[in-house]
Amino acid sequence: IKCREAEFPSSALKKLGYRHIAINAQKGYHGVAILSRLPLEAIERREFCNKGDARHVGARVNASDGSSFIVHNL
């Protein structure tokens with residue numbers, strides 16, 4: 001994504017069923033987001049190479065069967 005978090009179209013995406021959103025945003029540069037219909041927990045943002053950019057977001061997804069998994073967006 002190439003926008004700040006406040007500019008991200010969260011409300012439109014929530015109307016489409018993606019009620020759970022994890023964002024690491026940065027204006028006009030690197031940014032990532034995870035959209036999910038399942039709850040997200042333990043959201044983390046990692047910085048790489050000490051550049052102060054927004055290239056990573058990760059979250060644990062809890063499935064309806066009780067299992068969980070971790071998603072990373074780089």
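Engineer: It is not clear to me how the overall build of the chain should be interpreted in this structure. Could you clarify?
Structural biologist: If you tally the helices and strands in the chain, you get one helix and five strands. Its helices and strands in sequence order give the chain the pattern α-β-β-β-β-β, from N to C terminus. Dimensions of the chain along its principal axes, counting C-alpha atoms only, are 40 × 30 × 15 Å. Here the chain, with 74 residues, has 28% of them falling under the buried criterion. If you sum the accessible surface of the chain, you get close to 5,000 Å²; carbon and sulfur atoms cover 49% of it. Averaged over its 12 positive side-chain charges, the chain has a centre that lies 7 Å from the centre of its 7 negative ones.

Engineer: Honestly, the pattern of salt bridges in this entry has me stumped. Any pointers?
Structural biologist: Side chains bearing opposite charge may pair, as long as their charged atoms lie close to each other. The final tally for this structure, using the stated rule, is three salt bridges. Its salt-bridge partner being R46, residue E44 comes within 2.9 Å of it at the nearest N-O pair. For E44, a relative accessible area of 31% gives the class partly exposed. Among the residues examined, R46 registers a relative accessible area of 42% and is labelled partly exposed. Its salt-bridge partner being D53, residue R55 comes within 2.5 Å of it at the nearest N-O pair.

Engineer: Would you take a moment to explain the pairing of strand β2 (residues 32–36) for this structure?
Structural biologist: Two faces belong to every sheet, and in a regular strand the side chains alternate between them. Of all five residues that make up β2, four are buried, and the element is covered over most of its length. Note that strand β1 (residues 20–24) and β2 share five bridges and pair antiparallel. Paired with N24 across the strands is V32, a residue of β2.

Engineer: What is the right way to read the packing of aromatic side chains from this model?
Structural biologist: Each aromatic ring pair is characterised by the separation of its centres together with the angle its planes make. Scanning the model with the defined rule gives zero aromatic pairs in all. In this arrangement the basic side chain of R37 is found over the ring face of Y18, its NZ or CZ atom lying 4.3 Å from the centre.

Engineer: It is not clear to me how the environment of I43 should be interpreted in this structure. Could you clarify?
Structural biologist: One can find I43 in strand β3 (residues 40–44). Taking relative accessible area as the criterion, I43 reaches 35% and is therefore assigned partly exposed. Separated by 13 residues in the primary sequence, I43 and H30 have C-alpha atoms spaced 18 Å apart. With sequence-adjacent residues up to four places away left out, I43 is seen in contact with A22, V57, G58 and A59.

Engineer: Explain the nonpolar core here, please?
Structural biologist: Counting residues in hydrophobic clusters, the biggest one holds seven residues: A22, V32, I34, L40, V57, A59 and V61. For this core, the elements supplying multiple residues, two or more each, are β2 and β4 (57–62). In terms of residue count, the dominant contributor to this core is β4 (three residues). Apart from the residues within four sequence positions on either side, V57 is in contact with A22, I23, N24, V32, A33, I34, I43, E44, R45, V71, H72 and N73. With six residues, the next largest nonpolar core counts C3, L13, I21 and I23 among its residues.

Rules used throughout
- Residues numbered from 1 in each chain as written.
- Predicted model: local features only at pLDDT ≥ 70, side-chain atom pairs only at ≥ 80, totals over all residues.
- Heavy atoms only, no water.
- Helix = DSSP H or I, 4+ residues; strand = E, 2+ residues; numbered from the N terminus.
- Buried < 20%, exposed > 50% of the residue type's maximum accessible area, 1.4 Å probe, protein only.
- Areas by Shrake-Rupley, 256 points an atom, 1.4 Å probe, with all protein chains shown as cover.
- Lys, Arg positive; Asp, Glu negative; His and termini not counted.
- Charge placed at Lys NZ, Arg CZ, Asp CG, Glu CD.
- Salt bridge = Lys/Arg side-chain N within 4 Å of Asp/Glu carboxyl O.
- Pairing = 2+ DSSP bridges.
- Phe/Tyr/Trp six-rings, centres within 6.5 Å; stacked < 30°, edge-to-face > 60°.
- Lys NZ or Arg CZ within 6 Å of the ring centre and 35° of its normal.
- Contact = heavy atoms within 4.5 Å.
- Core = buried A, V, L, I, M, F, W, Y, C linked by side-chain atoms within 4.5 Å.

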